[in-house]
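Report on the structure
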Amino acid sequence: MEDLELVVKKTSELSSKELLNIMQERVKVFVVEQNCPYQEIDTEDENAIHVELKRAGKLVAYTRIIPHEDQKHISFGRVLVVKPYRKLKLGRKIVKATLDQIKKQYPTKDIKIQAQSYLQEFYSSFGFKAVSGVYLEDNIPHLDMVLKITEWLA
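Our subject in this report is the structure included herewith. Here the structure is a predicted model, which is why all the values come from computation and not from measurement.

1. Considerations on the nonpolar core
With 34 residues, the main nonpolar core has Phe76, Leu99, Ile111, Ile113, Tyr123 and Phe128 as its most contacted residues. Those elements that place two or more of their residues in this core are α1 (16-33), β2 (49-55), β3 (58-66), β4 (73-81), α2 (90-105), β5 (110-116) and β8 (140-147). Here the element with the most residues in this core is α2; it accounts for six residues.

Right, dumping it as structure tokens:
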């Protein structure tokens, strides 16, 4: 898919239409598809950086970056690919774009994520290492993974 546009905006820079579209897709994937009732829109969204891949102006893949200014790490999550665009390796593209954005904005910080456990191999392919055992988060198996700054800038 050569016709993808990368859009990176803080929450405050999003139009109300853009924000609503992001939230609709997140609820579709993380609440409805995964049958997981939880507070999908949270306080982290206030200061998040939203990374989107768009095709013809429509959202096809998404992540949000969460700055932790008072800590030595940055995190990202809510990684999704809109259903009709799955199986096109857009998950890999959106994660790479997210990592590139973090390197640009936060070049001195490690990246720590809470990954769904079935995606451990996927995130390991980017250099992430598991730093916890598997635990349940909203009834879904997760594990903590870290990409150390010394390893991802090498």
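Structure's up, so let's keep going.
2. Section: unusual backbone geometry
One non-glycine residue with positive phi stands out, namely Lys89, at about 65°. As for its position among the elements, Lys89 is in the loop between β4 and α2. Positive phi, close to 55°, is recorded for Asp138, a residue that is not glycine. Judged by relative accessible area, which is 39%, Asp138 ranks as partly exposed.

3. Topic: the layout of surface pockets
Considered as a void within the structure, the largest pocket measures approximately 1,300 Å³ in volume. Phe30, Arg78, Val79, Leu119 and Tyr123 are, among the 41 residues lining the largest pocket, the residues nearest its centre. Per-element tally for the lining of the largest pocket: the top contributor is β4, with eight residues. Of the residues that constitute the lining of the largest pocket, the class distribution is 19 nonpolar, nine polar and 13 charged.

Conventions adopted
- Residues numbered from 1 in each chain as written.
- Predicted model: local features only at pLDDT ≥ 70, side-chain atom pairs only at ≥ 80, totals over all residues.
- Heavy atoms only, no water.
- Core = buried A, V, L, I, M, F, W, Y, C linked by side-chain atoms within 4.5 Å.
- Buried < 20%, exposed > 50% of the residue type's maximum accessible area, 1.4 Å probe, protein only.
- Helix = DSSP H or I, 4+ residues; strand = E, 2+ residues; numbered from the N terminus.
- 1 Å grid on protein atoms, 1.4 Å probe; cavity = no way out; pocket = protein on both sides within 12 Å on 5 of 7 lines; lining within 4 Å.
- Points joined across faces, edges and corners; volume = space filled by probe spheres on them.
- Nonpolar A, V, L, I, M, F, W, Y, C, P; charged D, E, K, R; others polar.

Taken by themselves, the reported measurements are silent on function.
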